[in-house]
Structures are given as structure tokens and as C-alpha cells.
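Chain by chain, the residues:
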There are 4 protein chains.
Amino acid sequence: MTVRVGVIGAGIMGADHANTVHRKLSGADLVAVTDVDASRAQAVADASGAAVATDGFALIEVPSVDAIIIASHDSTHAELTLAAIAAGKPVLCEKPLAPTVSDSAAVVAAERAAVGSGLPLVSVGFMRRFDPGYVRMKAALAAGRVGPAVVVHGISRGVSAGPGATSESSITGSAIHEFDCVPWLLDSPVTEVSWHAGRQSGAVEPVLRDPQVLLLRTADGVLTTVEVFLNARYGYDVRCEIVGEQGTLALTEPTTVVVDSSRSHGYDYAADWRPRFAEAYRVQLQEWVDSIAAGVASPLASARDGLIATVVAQAMITSMHDAGRWVQVEPPAPPPVR
Amino acid sequence: MTVRVGVIGAGIMGADHANTVHRKLSGADLVAVTDVDASRAQAVADASGAAVATDGFALIEVPSVDAIIIASHDSTHAELTLAAIAAGKPVLCEKPLAPTVSDSAAVVAAERAAVGSGLPLVSVGFMRRFDPGYVRMKAALAAGRVGPAVVVHGISRGVSAGPGATSESSITGSAIHEFDCVPWLLDSPVTEVSWHAGRQSGAVEPVLRDPQVLLLRTADGVLTTVEVFLNARYGYDVRCEIVGEQGTLALTEPTTVVVDSSRSHGYDYAADWRPRFAEAYRVQLQEWVDSIAAGVASPLASARDGLIATVVAQAMITSMHDAGRWVQVEPPAPPPVR
Amino acid sequence: MTVRVGVIGAGIMGADHANTVHRKLSGADLVAVTDVDASRAQAVADASGAAVATDGFALIEVPSVDAIIIASHDSTHAELTLAAIAAGKPVLCEKPLAPTVSDSAAVVAAERAAVGSGLPLVSVGFMRRFDPGYVRMKAALAAGRVGPAVVVHGISRGVSAGPGATSESSITGSAIHEFDCVPWLLDSPVTEVSWHAGRQSGAVEPVLRDPQVLLLRTADGVLTTVEVFLNARYGYDVRCEIVGEQGTLALTEPTTVVVDSSRSHGYDYAADWRPRFAEAYRVQLQEWVDSIAAGVASPLASARDGLIATVVAQAMITSMHDAGRWVQVEPPAPPPVR
Amino acid sequence: MTVRVGVIGAGIMGADHANTVHRKLSGADLVAVTDVDASRAQAVADASGAAVATDGFALIEVPSVDAIIIASHDSTHAELTLAAIAAGKPVLCEKPLAPTVSDSAAVVAAERAAVGSGLPLVSVGFMRRFDPGYVRMKAALAAGRVGPAVVVHGISRGVSAGPGATSESSITGSAIHEFDCVPWLLDSPVTEVSWHAGRQSGAVEPVLRDPQVLLLRTADGVLTTVEVFLNARYGYDVRCEIVGEQGTLALTEPTTVVVDSSRSHGYDYAADWRPRFAEAYRVQLQEWVDSIAAGVASPLASARDGLIATVVAQAMITSMHDAGRWVQVEPPAPPPVR
């Protein structure tokens with residue numbers, strides 16, 4: 001069976017997903033694409049033979065579309081995901097599921113109402129769960145290679161923040177990866193958070209505190225530090241170290257070539273996330289397509305995972321506005337027993 | 001268009017190719033498989049829904065097979081490739097195209113006779129040409145990042161040699177990757193070679209000199225050193241450094257996780273080539289399938305490339321048997337002008 | 001001129017200093033040693049030809065002793081330093097100058113009373129100021145290589161805590177290096193601190209919270225995170241990264257040999273601080289001796305630097321006992337103008 | 001006892017030695033210096049309080065000079081060493097002991113005639129024997145950490161060749177380090193050698209073949225490859241890897257700080273050998289001085305070691321002029337039994 005995929009959003013992320021579906025997946029065809037900028041959608045269509053839909057809602061209703069990827073603006077994620085649920089079609093929504101807790105919760109509730117104890121329809125694009133490095137770290141931790149975790153250190157640096165970035169959007173749009181990733185690595189939910197600011201980078205407007213330093217406590221007692229620095233300039237650089245009772249596990253930069261030149265030895269950083277997580281995105285999409293074809297539950301992050309990450313983000317923003325005090329995370333209701 | 005692929009040989013290499021075709025390629029289906037050990041073929045068929053053919057020649061003739069991958073014993077490569085040419089079907093033959101120069105030349109001649117100035121049918125599986133590290137090194141060299149090359153150092157180490165390995169099969173079966181890779185990196189053919197032996201590893205029978213140290217001279221004057229050590233024990237480890245007039249380029253081990261434990265800091269080696277070159281094999285097969293679907297020339301190594309590597313291997317064996325003296329490489333006739 | 005040095009304390013640290021003075025310094029002789037354990041003092045004396053003094057106070061009074069190193073128990077530092085001041089002899093006191101603020105302040109006051117605007121007598125052994133890595137980081141930061149600092153990350157891990165270690169002694173005995181080092185690197189004093197605990201390592205008694213995660217704010221606004229983990233088991237591992245507006249600077253583990261073995265690639269950690277900081281200790285002592293011989297001010301950390309580090313430690317302990325809230329650091333009175 | 005040292009030659013190497021003796025050694029004083037350029041000698045004298053001697057022979061005769069370091073032009077090494085022997089004073093001669101075998105042999109013979117079975121007077125400055133990395137590699141090999149050696153790879157690269165460099169002087173002046181170091185590491189003498197050239201770097205005059213690739217065979221059967229590239233441009237870079245039956249040992253670049261900046265991650269190379277081998281030179285001189293003070297045999301390379309390295313260099317040059325054929329190394333007569 002070939003899964004026929006439609007992609008909503010043809011910006012950097014959506015075009016990348018569309019290309020992956022078209023060129024790199026087994027058992028998937030790209031059949032439709034749409035974007036608020038029709039020329040961007042047309043460019044993707046021209047490269048792949050997919051049709052152009054007038055908008056996301058129309059794309060969802062196209063009969064030949066079996067499954068939907070949502071990569072449009074964050075503010076549209078919830079309503080489009082709800083429409084896909086209403087259409088009864090599997091949907092992979094880019095993170096965040098929604099920028100607000102209430103919208104995320106609405107998606108969780110709608111999916112539950114729609115499928116009951118049946119197969120969930122919604123997956124959320126927390127692709128780090130499929131990155132070879134994170135996967136190996138989680139496996140090594142679970143296997144006891146370094147003993148139980150005691151501390152985690154995460155770093156997320158980018159070259160420059162997108163237009164309109166604020167202190168809050170840095171949390172809901174970037175740090176949210178850590179809010180999903182850390183509890184997934186530790187298999188323990190975040191219970192409280194505390195927000196702190198580094199010295200403000202001189203190149204950044206005050207509306208965005210950058211860098212930020214975040215503390216997370218998980219139910220197992222582990223303390224996680226996270227540095228998020230959107231304007232780190234030197235390159236796109238994501239790091240993670242898990243410190244256990246007997247040793248540590250850390251990601252390495254997945255480079256392939258090292259250069260000696262002009263009195264220095266080193267390797268290059270990518271300018272954005274695509275080269276760094278290309279394999280994670282490919283594997284995530286392949287696993288998603290395979291689960292649809294096989295009629296089994298998606299192994300990706302669920303709608304509830306997306307909601308939980310947003311709840312953590314909200315607590316972090318509360319701490320930000322309250323002098324960095326520790327803020328408790330209120331967990332959403334547990335999923336129904338199947 | 002979906003390319004329907006048949007795989008001849010279901011050993012480690014063939015099963016790996018079959019799985020890649022079945023699970024990881026866009027636009028390809030695995031439709032048939034065969035092996036001298038019927039149970040191995042059946043295992044692959046069971047995992048993929050492919051049919052089992054009685055032997056390689058039968059598989060080639062199956063009407064639903066559009067293209068063939070040959071991963072059976074080296075000694076069968078030439079006759080099966082000739083059969084695929086006779087059937088007019090694209091074929092990807094694992095290296096070496098044939099262990100002998102005469103058999104390799106026969107394939108080149110047969111292909112030329114069959115297709116004339118049309119699309120070649122034969123590709124050879126020198127997958128390093130698609131490894132991200134080698135690709136980036138070649139691009140950086142061509143871009144002048146370290147100036148013109150002056151010396152190259154290659155290292156090919158494995159954990160243990162397969163049964164029946166000899167000094168000569170180490171050349172034709174392992175070092176042959178270097179004989180294709182180095183001239184491809186430098187864009188300059190090998191013109192002379194010289195063979196030398198390291199101290200014989202105590203764990204190895206005398207019929208296999210291991211490690212060996214090989215010198216290659218290319219037409220551009222660059223000198224390449226190659227260490228081939230099949231019984232290096234500690235891990236599968238392939239390295240390459242290109243030294244230029246202004247700097248160097250070197251592969252890094254493509255690791256993703258580093259561990260601190262028990263007074264040491266480090267990363268793990270794979271036990272064989274599959275993890276190291278998984279991406280190279282996947283990309284190579286995708287590019288091959290894409291070229292077939294598009295009706296364009298394969299970007300993989302050609303039959304003539306396979307012949308040339310075998311010619312270099314033959315010269316190296318001559319040096320081995322003649323006290324390491326420099327032996328000239330006689331280039332095969334140039335390809336016809338198209 | 002040869003500086004004749006006496007060493008008080010012949011434990012691991014003192015014996016190491018004694019050996020450095022005897023074997024590795026230009027312009028210095030080891031002439032006297034003492035320890036509460038006479039056999040340890042005798043062992044050092046036997047190896048060097050130095051005399052054994054009955055106790056620290058007696059050693060200070062030995063006429064042939066020009067300068068004193070104090071490496072005895074932390075609780076003795078202040079009174080011995082005061083005795084050296086009274087004797088008018090240069091003294092290098094191991095960190096901490098004293099475990100309490102009041103004792104440290106008493107040393108600062110006594111020195112000021114003794115020497116007025118003359119040459120200070122007291123140096124404190126914050127040897128990281130002479131470690132080649134820290135020195136290069138400070139120089140590169142000051143040279144603007146990565147722009148102004150925004151965040152610093154420090155890590156101090158040891159194999160196992162000494163007997164009797166408590167949460168507080170981890171601060172005053174280990175983390176205190178960071179309290180001196182970070183403001184020295186940034187050239188900006190610590191203004192506030194906040195204390196947090198990682199998950200308690202199962203191997204550690206509750207009287208010692210281990211690991212701890214500390215936050216420091218310096219006057220320049222930079223936020224520093226410090227992980228102190230006395231029972232990290234895997235090795236002695238000190239790290240530091242300075243994140244600037246345009247890039248980062250980080251220490252590398254000063255290893256010299258890398259090993260491939262048993263499916264892994266890596267290097268060894270030392271079991272304690274001596275190999276890691278051997279060069280820092282040697283250079284610190286040489287610079288101290290050179291300054292004495294030349295009759296110029298010591299370039300080592302001063303008594304006031306030692307007091308300031310203790311003040312920061314005290315504030316951190318206050319935060320520890322007050323749920324991690326940010327605690328202001330009250331700076332000691334400025335030094336007199338000379 | 002303080003050893004009073006005179007230094008002949010105040011160029012880069014001699015000035016560095018003089019500074020080490022004056023500033024970094026325990027138990028040594030710099031008392032005299034000389035150079036063909038009187039102003040260079042005076043500069044060293046001004047910095048240290050040493051006297052200036054009119055020439056090397058005069059310096060050797062100065063009564064207050066206990067021991068001599070020869071760091072003048074290679075062509076003067078032999079005659080000055082002979083003068084030191086005649087004066088009965090310990091002498092450390094920079095490598096090479098002499099550029100020719102006959103001159104080196106003359107020194108060996110003169111020393112033997114002078115001291116008989118007494119303490120040797122001559123040491124040769126093969127400082128790699130005291131480099132922490134080489135020392136650890138040799139110890140790890142001897143301890144069996146990677147099994148018996150089978151192959152060694154050495155690389156010696158510099159930024160640019162000195163004026164007047166020729167293919168032959170590259171062997172006698174630079175590669176000679178490898179001719180001493182490899183047999184010292186393996187504890188097995190070089191028995192045959194073979195010379196090869198890389199592609200000629202476009203920046204180099206033809207009188208100097210650069211880079212060169214050298215093969216060494218030691219008596220234990222181990223094959224060593226050495227790349228010597230005097231004009232590598234990018235930095236001073238010395239590497240060594242010992243491949244054993246069970247694993248490998250390799251030097252790491254002794255860096256202390258790593259920088260992220262401008263899309264790259266890396267560390268700096270030194271422009272010449274001084275930072276790379278500063279510790280080796282310091283330890284070598286300290287060990288030499290200690291042996292003189294203690295009246296025991298020098299642990300440095302001996303005159304005979306210097307002769308042997310020159311014999312290997314001579315064989316390599318013979319191979320260079322004979323198309324790279326393997327040339328046997330004729331060992332000098334064994335030392336007398338003591």
C-alpha cells in the first residue's frame with residue numbers, strides 16, 4: 001500500500017517535508033500541497049507532480065489524500081489538526097501542537113471524542129525522538145550504561161532568531177523541543193520549572209531575552225539545565241549530556257569531515273537545523289508512513305505529548321514573569337485506558 | 001514509475017540491499033530474491049513479500065523484474081552481469097565486477113556491444129562515492145579549500161578477515177575500494193603501484209599477509225599510502241586524509257554519542273561495515289533507482305570503473321610477488337565517444 | 001637569589017608542592033617541612049634533604065625559611081597565615097584562605113595592618129589562574145575573539161568525595177574554585193547566587209547533596225551555571241565554556257594519547273586533580289617564587305581574592321538553606337589605594 | 001649542587017634552551033652564552049645575567065661552565081662536541097649529532113677513547129623521548145595495551161622550510177627525529193628504508209622534494225610510514241600512530257582550548273615546534289641536569305643513538321637517489337660492555 005500524503009505549508013519546513021515524502025520515503029507519494037503563498041506551493045508541486053490545493057482545509061478534504069502533514073504557521077496548527085480529525089485522516093502536526101494550552105487541550109479532546117479507544121490520528125513532529133544520537137543516548141541510559149541519571153544539560157543554539165521572536169516565543173517555539181525531549185529521554189515527566197536570563201546579547205532587541213537558561217525538575221528528581229540562545233551567531237548547535245551515577249552520555253556534532261587550514265583544525269557548523277536533523281526528519285516520516293500503511297499506532301509523539309510540552313512551556317513563561325521562581329507543572333488528565 | 005528490483009544473493013550484503021530496497025527507497029519495490037542457500041532467500045522473501053527465484057539466471061528472466069542487484073559470491077559476478085546485459089536490464093553488481101581483469105574486460109565489451117552509444121546497463125557498487133564524508137571531501141578538494149592534493153593517506157581496518165582470505169583476496173576484495181575511491185577523489189587515474197607488508201599479525205595464518213601497506217601513484221603525481229588490516233580486532237575503521245598544498249581534509253568517524261565511563265572518554269566502533277556505510281548504501285541505491293526511473297545514465301561507478309579497479313588490483317598483486325617494486329598500471333582502452 | 005621554602009602539610013597536596021619546589025622550580029630550595037603526621041613529613045624530608053619542623057608555627061620561625069606554603073587542613077589555614085604575616089614572610093595558602101568569612105576577613109585585616117601600602121605577603125592557591133587552558137580562554141575573551149560573554153558553564157567532577165564531605169564543604173572546598181575563577185575570567189565580581197540540587201546519587205549519604213547545580217550572576221550580567229559532582233565516579237573532569245555574543249571558548253581535556261581498543265576509541269581520565277593541573281601548580285609556584293626573588297607583588301590570587309571567594313561561598317550556602325532563592329553577595333571593603 | 005650551564009648558539013633553538021635553563025630548571029644556572037652573531041648572544045646574556053663567550057671553543061673552556069648545550073649550526077656540532085669531550089665536560093648536542101656518518105662516528109669514537117667504561121659525556125637532543133605523549137605511547141605499548149606493534153604511521157609537518165632546505169636536509173634535519181623516535185618506541189633498530197616523493201607542492205623549489213613519504217623496516221618486522229612535509233602551510237603538526245595486533249595508540253594534538261566561531265568548531269595550531277614540544281624540551285633539560293648533579297648516566301639519547309640516526313638518514317638518501325629501492329641500514333659497532 002502506498003500512503004498518499006498532502007503537505008500544508010510550503011515554507012522551509014514544509015518544502016523540506018514535501019521533498020522527503022517525494023524523494024526519500026518508501027511507500028509514500030506526495031499528492032497535494034498548499035501554502036498561503038501560492039507561488040511557493042506551485043514550486044513544490046512543479047518539483048514533484050503533486051496538485052496544489054487552495055488552502056489547508058481544502059487539501060484535507062481531497063479524496064486522494066490519505067494523510068496530512070501540517071507545516072504552516074504555528075497559529076494555524078490547532079484548527080487544521082481539528083479539521084484532519086474531523087475528516088478521520090492521520091495527521092502529523094509540526095511542533096507546537098498549538099501555542100496555547102487551551103488549544104492543545106482542545107485537540108486532545110477532539111481526537112479522543114473522534115476515535116475513542118481506536119487508533120489515534122494525531123502525531124506531533126518532535127523529531128528528536130528519531131535522531132540517531134538521541135535514540136542511542138536513550139537506549140544507553142535505559143541499558144544502565146552510566147547508571148541512573150542525576151543531571152541533564154541541554155543546549156539549543158541557532159544563528160539568528162526569526163523575525164518577531166520574543167522571550168515567550170523562544171520558549172514555545174524553540175525550547176519546547178527540550179520540554180518533550182528531556183522527559184522522553186528520562187521516561188519521567190517535568191514537574192517544575194524555573195527561568196533565568198543570561199546577559200542580554202548586544203545584538204538583540206530587549207523584547208527577546210537571549211540567551212535564556214532554564215531549569216527543569218522531572219518526577220524522578222533529575223535536574224536539567226537548558227541554554228537556549230537563538231542568536232548564537234557561530235552556527236546551529238544542539239547539545240545534550242546526561243550525567244549518570246557512573247558516567248555520562250553526550251551527543252556529538254554529526255560531522256563527517258575535518259579540515260586543517262590557516263593554523264586551525266576543525267569542522268563546519270550548519271547554518272540551520274536541516275542538515276543537523278535531516279536523518280531524524282527522514283526516519284520520523286518513514287516511521288509515520290509505515291504505521292499508517294500497517295494500520296498500527298503511530299510511534300511518533302502523540303497529541304497528549306504535544307499538550308504536555310505546551311503545559312511545560314506555559315509554566316516556564318509564568319516563571320519568566322515571576323522573577324524566576326520555581327513553578328509547578330500541572331499535568332493534563334491521563335489518557336483513557338485502552 | 002516504480003522500479004521493480006530483484007536481488008541475487010541473500011547473505012549479509014544481499015539481505016542488507018534487499019531490506020534497503022523494501023524499506024528505505026522511494027520509487028522501488030523488491031519483487032524477487034534468490035540465493036544458493038534457499039532458506040536465506042526465503043527469509044528475505046518472508047520479510048518483504050518478494051518471490052523466490054530458483055537461481056540468479058532465472059531471477060534475471062522474471063518479467064516483473066526491471067532491475068537487478070548482484071550480491072552473490074565474487075566468482076559469480078561476471079557471468080550474472082553478462083546475463084543481465086543479455087536481458088537488457090539495468091544491473092548493479094557489487095564490487096568487484098570480477099576478480100580478474102579478463103572477466104571484467106569481457107563485461108565491458110559485452111555491454112558496449114549491447115548498448116552501443118545508448119544508456120549503459122551496468123553499475124558497480126563502489127558505495128564510498130555516495131558516503132557523505134567522501135562526497136564532502138571530494139567537493140572541498142575540488143573547491144580548492146586546501147589547495148591541490150600532494151599526498152593521500154587511506155586506512156581500511158576490519159575486525160577479522162572472512163574465512164579463506166588470502167593476501168591476494170585482501171587486495172581484490174578490500175583494497176579495491178581504495179583503487180576506485182582515490183582516483184575518483186583526485187579525478188586522476190592510478191598509474192603505478194607498490195606493495196609492502198607490515199609485521200605479520202600473530203593471530204593470522206601466513207597465507208594472508210595482514211596488515212599490508214600499499215603505495216599508489218596517480219597521473220597527477222599524488223602519492224597515496226593505504227593500510228589494509230583485515231584483522232585489526234578493535235573495530236571497523238575506515239579513514240582517509242587528503243593532504244593539499246594549503247591544508248588537509250580528513251574523514252571523521254560518524255559517531256553520534258560519546259561516553260564517559262570507567263576512567264575513559266570515548267565512542268564505540270561498529271563491528272562491521274554496515275553501520276559505517278548505511279547512509280552510503282541507501283543513497284547509492286536511491287540514486288540508481290532514480291536514474292532508472294528517469295531513463296538517464298546511472299551516476300554510480302560504471303563497468304569500466306570496475307574494470308579499472310581490477311586492473312590496479314592486478315598490478316598490486318604483481319608487485320606483491322615481485323618484492324614490492326613499482327609496477328605500472330596499463331589503462332584499459334578508453335570508452336567510445338558518445 | 002634562591003628562595004628557601006618551607007611547606008606546612010605533607011598530605012597529597014603538600015607532598016606534591018614539596019616535590020615541585022624541590023625538583024621542578026628554578027631559584028627555589030625546599031628547606032623545611034612539617035605535618036601533624038611526623039612520618040609523612042619525614043618521608044618528604046628524606047626525599048629532598050629538607051629539615052623537619054615540629055609544627056607549622058615552628059616552621060614559620062625557622063630562620064632559613066624565606067617563604068611558606070600552607071597545605072595543612074583547611075581549619076588551620078587562617079591561624080598559620082596570620083603567623084606568617086606576623087613573621088613578615090611571604091606565604092602561599094592553599095584554598096580556601098579560611099572556611100569562614102570572619103576568619104578570612106581577619107587575615108585580610110592583619111596583612112593590611114602589617115604591610116600598609118607595602119608589598120602584600122599573602123597569596124592564595126587558586127591555581128586555575130595559571131592553568132594553560134584557563135589562561136588562554138581569558139586571553140581570547142579579552143581579545144574579543146567571541147565577543148562579550150553572555151553565559152558561562154562550569155563543571156567540576158571528581159571520582160569520589162573525601163571522608164566527611166557535606167553539602168556545605170562541597171561549596172567551601174570544591175565549588176570555591178569556580179567562585180574565584182569565573183569572576184577572574186570575566187573580570188567582574190559575583191553579585192548574586194542561587195543553589196539547586198540534582199537527583200541525589202544513590203551512592204552518596206544524604207548529608208552530602210551530590211551533584212549540586214549552582215547559578216552565579218556577575219556584575220556584568222553574565223549568568224554562570226556550575227555543576228559540582230564530587231562522586232562522578234568515571235574520572236576527574238573539569239570543564240568550562242564561555243559563551244560570547246559571537247562564539248564560544250571551551251577547555252579541552254589535556255590528554256596526549258588516544259587509544260583504539262575493544263570496539264572503542266577514547267582517552268583516559270585521571271583519578272584526581274594532580275595530572276590535570278600539574279602544569280598549573282608548577283607555573284603558579286614558579287611565578288610565586290620569581291616574584292619573591294624579584295621583590296615585586298605576587299601575581300597569584302590575593303588574600304582579598306580569597307576572602308571574596310569565601311563570601312560567595314557563604315551566600316551560596318545561605319541559598320542552599322533557603323530553597324534556592326537568589327541571594328545577594330555583599331562585597332568586602334575595597335583594598336586601600338596605594 | 002647547581003649545574004652551571006653554557007649555551008653555544010643563540011638562535012631560536014639556543015635562545016629557547018637558554019631561557020629554559022635560566023627560568024625553568026631546578027638546580028641549574030645559565031652562566032655563559034655565545035653566538036656567531038654577538039648581538040644575539042648579548043640579548044640572551046642581558047636577559048639572564050650570563051657572560052658572553054667569544055666563541056664556542058672559548059665557552060667550553062670557561063672554568064665556571066660545568067656543562068654545555070650545543071645549539072649552533074648543524075655543521076659545527078661535531079667539532080664542538082669533540083672539544084667538550086676533550087675538556088671532559090658533559091655536553092648536550094642538538095640533533096643531528098653531525099650531518100654525516102663519518103663525523104658522527106668520530107664523536108662516538110672520541111667519547112669512547114676519553115671515558116672508556118666511565119660515564120658518557122655526550123647526549124643528543126632527541127627531545128621526543130621526553131614528550132608526554134610519546135612517553136605514554138611507549139609505556140602503553142610496552143604494557144601490552146594494544147598487543148605487539150605491526151605498523152607505525154608518523155607525520156611531521158611544518159609551516160615552511162627554512163632557507164636553503166634541500167631534499168637531503170629534509171632527511172638529515174627533520175625526518176631524523178623519526179629515525180630516532182620509531183626504534184626507541186618499538187625498541188627495535190631500523191634495518192632498511194625506502195624513499196618516495198609526494199606530488200611536488202607548487203610553492204616549493206625543485207631542489208627540495210616536499211612532501212616526502214618514507215618507509216622504515218625495523219628488526220621486529222614492523223613497517224613504518226613517515227610523511228615529512230616542511231611546507232604544509234596550515235600549521236606545525238606532528239602525529240604518530242602505533243597499530244598493534246589488538247588496537248592502536250596515537251598522539252593527540254596537545255591543545256587546551258577549543259573555539260566555536262564563524263560557522264566552525266576547532267582549535268589552533270602553533271606556527272612552529274616550540275609550543276608543541278615546550279614540555280619535552282623542559283623535561284629533557286631537567287633530566288639531563290639532574291643526571292649531571294647526581295653523577296649518573298644521562299637518560300637522554302647517546303652519541304651512539306645520534307650516530308645510528310645519521311646512518312639511517314644516509315641510507316634514506318641513498319634510496320632517494322636510487323629510485324626508492326629498499327636500502328639496508330648498516331648498524332654501527334655495538335657499544336663496549338661495561
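Residues numbered from 1 in each chain as written. Chains lettered and ligands numbered in written order. Predicted model: local features only at pLDDT ≥ 70, side-chain atom pairs only at ≥ 80, totals over all residues.

Draft legend 1. Quick peek at the overall build of chain A. Helix and strand content of chain A: nine helices and 16 strands. For a compact globule of 338 residues, the expected C-alpha radius of gyration is about 20 Å, and chain A comes in at 20 Å, within 12% of that figure. Its C-alpha atoms give chain A principal-axis dimensions of about 55 × 50 × 45 Å. Residue burial in chain A is summarised as follows: out of 338 residues, 57% are buried. The long-range share in chain A, meaning contacts at least 24 apart out of those at least 6 apart in sequence, stands at 70%. (Helix = DSSP H or I, 4+ residues; strand = E, 2+ residues; numbered from the N terminus. Rg over C-alpha atoms; globule rule 2.2 N^0.38 Å. Buried ≥ 20, exposed ≤ 12 C-beta atoms within 10 Å, placed from the backbone. Contact = placed C-beta atoms within 7 Å.)

Draft legend 2. Representation of the sheet that holds strand β1 (residues 3-8) of chain A in the model. Residues and elements named next belong to chain A. In spatial order, the strands read β3-β2-β1-β4-β5-β6-β15; together these seven strands make up an open sheet with mixed pairing. Sheet topology places β3 (51-52) and β15 (301-302) at the edges, where each strand pairs with a single neighbour. Contacts from helix α2 (residues 38-48) reach β2 (28-34) and β3 within the one sheet, and its direction differs from that of β2 by about 155°. (Pairing = 2+ DSSP bridges. Axes fitted to C-alpha atoms, helices over the stretch in contact; angles between N-to-C directions.)

Draft legend 3. Region of interest: the relation of the copies chain C and chain D. By a simple turn and slide, chain C fits onto chain D: the slide is 0.1 Å along the axis, the RMSD is 0.0 Å, and the turn is 180°. Classification of the inter-copy transformation places it as that of a two-fold axis. By C-alpha distance to the rotation axis, the residue of chain C lying nearest is C:S26, at 2.3 Å. (Least-squares fit on C-alpha atoms with pLDDT ≥ 70 in both.)

Draft legend 4. Just the pairing of strand β1 (residues 3-8) of chain D, in detail. All names here are of chain D. Burial analysis of β1 places five of its six residues in the buried class, which makes it a mostly covered element. Pairing analysis gives six bridges linking β1 to strand β2 (residues 28-34), with the strands arranged parallel. Looking at β2, one finds that I8 is bridged to T34. Relative to strand β4 (residues 67-70), β1 runs parallel, the two sharing four bridges. Residue pairing in the sheet places V7 in a bridge with I69 of β4.

Draft legend 5. Here's a closer look at the interface of chain C and chain D. Taken together, the contacts link 26 residues of chain C with 26 residues of chain D. Residue assignment for the side of chain C that touches chain D shows that the elements contributing at least two residues are α1 (12-24), α6 (132-142), β12 (247-251) and β13 (257-261) of chain C. The residue makeup of the side of chain C that touches chain D, split by class, is 12 nonpolar, nine polar and five charged. As judged from the five bridges shared by β13(C) and strand β12 (residues 247-251) of chain D, these two strands associate in the antiparallel manner. Of the residues in β12(D), the one forming a bridge with C:V258 is D:A250. (Nonpolar A, V, L, I, M, F, W, Y, C, P; charged D, E, K, R; others polar.)

Draft legend 6. Broad picture of the packing of helix α7 (residues 167-186) of chain D against helix α9 (residues 303-320) of chain D. Residue and element names in this part refer to chain D. Contact geometry of α7 with α9 gives a least axis separation of 9 Å together with a crossing angle of 130°. Judged by the inter-axis angle, α7 sits oblique to α9. Once α7 is placed against α9, the crossing between them reads as right-handed. Residues S167, E168, I171, T172, A175, I176, F179 and D180 of α7 lie in contact with α9, whose contacting residues are D305, A309, V312, A313, M316, I317 and M320. Of the residues in the contact of α7 with α9, the class split is 10 nonpolar, two polar and three charged. (Parallel < 35°, antiparallel > 145°, perpendicular 65-115°, else oblique. Left-handed = near helix turned anticlockwise from the far one by under 90°.)

Draft legend 7. Region of the structure containing unusual backbone geometry. The amide bond that connects B:D210 to the next residue, B:P211, takes the cis arrangement and shows omega of 5°. Take B:P211: it is sitting in the loop between β8 (190-197) and β9 (212-218). Backbone geometry places A:S262, a non-glycine residue, at a positive phi of 50°. Looking at where A:S262 falls in the secondary structure, it is placed in the loop between β13 (257-261) and β14 (264-268). On the neighbour-count criterion, A:S262 (12 C-beta atoms within 10 Å) is exposed.

Draft legend 8. Representation of the confidence of the model for chain A. When pLDDT is averaged along chain A, the result is 96, and 99% of the positions lie at 70 or above. For this predicted complex, the interface confidence reaches an ipTM of 0.96, while the overall pTM sits at 0.97. (pLDDT = per-residue confidence, 0-100.)

Draft legend 9. Structural detail: the interface of chain C and chain A. Listed by partner, the interface residues are 29 residues for chain C and 29 residues for chain A. When contributions to the side of chain C that touches chain A are tallied by element, the ones reaching two or more residues are β7 (149-157), β8 (190-197), β9 (212-218), β10 (223-229) and β12 of chain C. The element contributing the most residues to the side of chain C that touches chain A is β10(C), with four residues. Of the residues that constitute the side of chain C that touches chain A, the class distribution is 14 nonpolar, 10 polar and five charged.

Draft legend 10. Broad picture of the domain arrangement of chain A. All names here are of chain A. Considered domain by domain, chain A is made up of domain 1 (3-125 + 280-301) and domain 2 (128-277 + 310-328). Each partner contributes to the interface: domain 1 provides 15 residues, whereas domain 2 provides 14 residues. Broken down by secondary-structure element, the contributors of at least two residues to the side of domain 1 that touches domain 2 are α5 (101-115) and α8 (273-294). A per-element tally of the side of domain 1 that touches domain 2 places α8 first, with five residues. The class makeup of the residues in the side of domain 1 that touches domain 2 is nine nonpolar, two polar and four charged. (Domains from an automatic or database assignment.)

Draft legend 11. Summary view of α2(A). Residues and elements named next belong to chain A. Along α2, the residues classified as buried are A41, V44 and A45. Along the axis of α2, the buried positions cluster into a sector of 100°, meaning they face one direction only. Along α2, exposed side chains directed more than 90 degrees from the buried face belong to S39 and D46. Buried residues in α2 make contact with α1 (12-23), β2 and β3. Just beyond α2, the residue with positive phi is G49, at close to 80°. (Arc of directions from axis to C-beta.)

Draft legend 12. Region of interest: the environment of B:S194. All names here are of chain B. Position of S194 among the secondary structure elements: in strand β8. S194 sits in the buried class, given 24 other C-beta atoms within 10 Å. C-alpha separation for the pair S194 and L214, spaced 20 residues apart in sequence, amounts to 5.9 Å. If we skip the residues at most four places from it in the chain, S194 touches L215, S319, G324, R325 and W326.

Draft legend 13. How the structure looks around the relation of the copies chain C and chain A. In the superposition of chain C on chain A (RMSD 0.0 Å, axial shift 0.0 Å), the rotation amounts to 180°. Residue by residue, 100% of the interface of chain C is reproduced at the interface of chain A, so both copies engage with the same surface.

Draft legend 14. Seen up close, the environment of D:A38. Relative to the helices and strands, D:A38 resides in helix α2 (residues 38-48). Along the chain, D:A38 and D:A53 lie 15 residues apart, while their C-alpha atoms are 9.2 Å from each other.

Draft legend 15. Seen up close, helix α5 (residues 101-115) of chain D. All names here are of chain D. The end-to-end C-alpha distance of α5 is 21 Å, a good match for the 21 Å that 15 residues give at a rise of 1.5 Å each. Every buried residue of α5 is accounted for by S104, A105, V107, V108, A110 and E111. Residues of α5 that are buried make contact with α4 (77-87), β6 (122-124) and α9. A positive phi of about 55° marks G116, the residue just after α5. (Expected span 1.5 Å × (residues − 1).)

Draft legend 16. Focus on the sheet that holds β4(D). All names here are of chain D. Strand order in this open sheet of seven strands is β3-β2-β1-β4-β5-β6-β15, and the pairing throughout is mixed. Each edge of the open sheet is held by one strand with a lone partner, namely β3 (51-52) and β15 (301-302). Bridging between strand β5 (residues 91-93) and β6 involves three bridges; their strand directions are parallel. When the sheet's bridge partners are listed, L92 is paired in β6 with S123.

Draft legend 17. Layout of the pairing of strand β7 (residues 149-157) of chain D. Residues and elements named next belong to chain D. A large share of β7 lies buried, amounting to nine of its nine residues. Direction of pairing for β7 relative to strand β11 (residues 237-244): antiparallel, over a ladder of eight bridges. Its bridge partner lying in β11, A149 is registered against G244.

Draft legend 18. How the structure looks around the nonpolar core. By size, the foremost hydrophobic cluster in this structure holds 221 residues, and its most contacted members are B:V193, B:V312, D:V193 and D:V312. Excluding residues that lie within four positions of it along the chain, D:V312 makes contacts with D:F179, D:V190, D:V193 and D:V329. Residues A:V213, A:I308, A:A315 and C:V21 belong to the second largest nonpolar core, which totals 220 residues. (Core = buried A, V, L, I, M, F, W, Y, C linked by C-beta atoms within 7 Å.)

Draft legend 19. Examining the environment of C:V52 more closely. Residues and elements named next belong to chain C. The topology assignment puts V52 in strand β3 (residues 51-52). The exposure class of V52 is partly exposed, given the 18 C-beta atoms found within 10 Å. Along the primary structure V52 and D66 are separated by 14 residues, whereas in three dimensions their C-alpha atoms are 15 Å apart.

Draft legend 20. Region of the structure containing the packing of helix α5 (residues 101-115) of chain C against helix α9 (residues 303-320) of chain C. Residues and elements named next belong to chain C. Close contact between α5 and α9 brings their axes to 9 Å; oriented N to C, the two are set at 165°. With respect to each other, α5 and α9 are oriented roughly antiparallel. The hand of the α5/α9 crossing is left-handed. Here α5 contributes V101, S104, A105, V107, V108 and E111 to the contact with α9, which in turn contributes A303, R304, G306, L307, T310, V311 and Q314. Its residues assigned to classes, the contact of α5 with α9 shows seven nonpolar, four polar and two charged.

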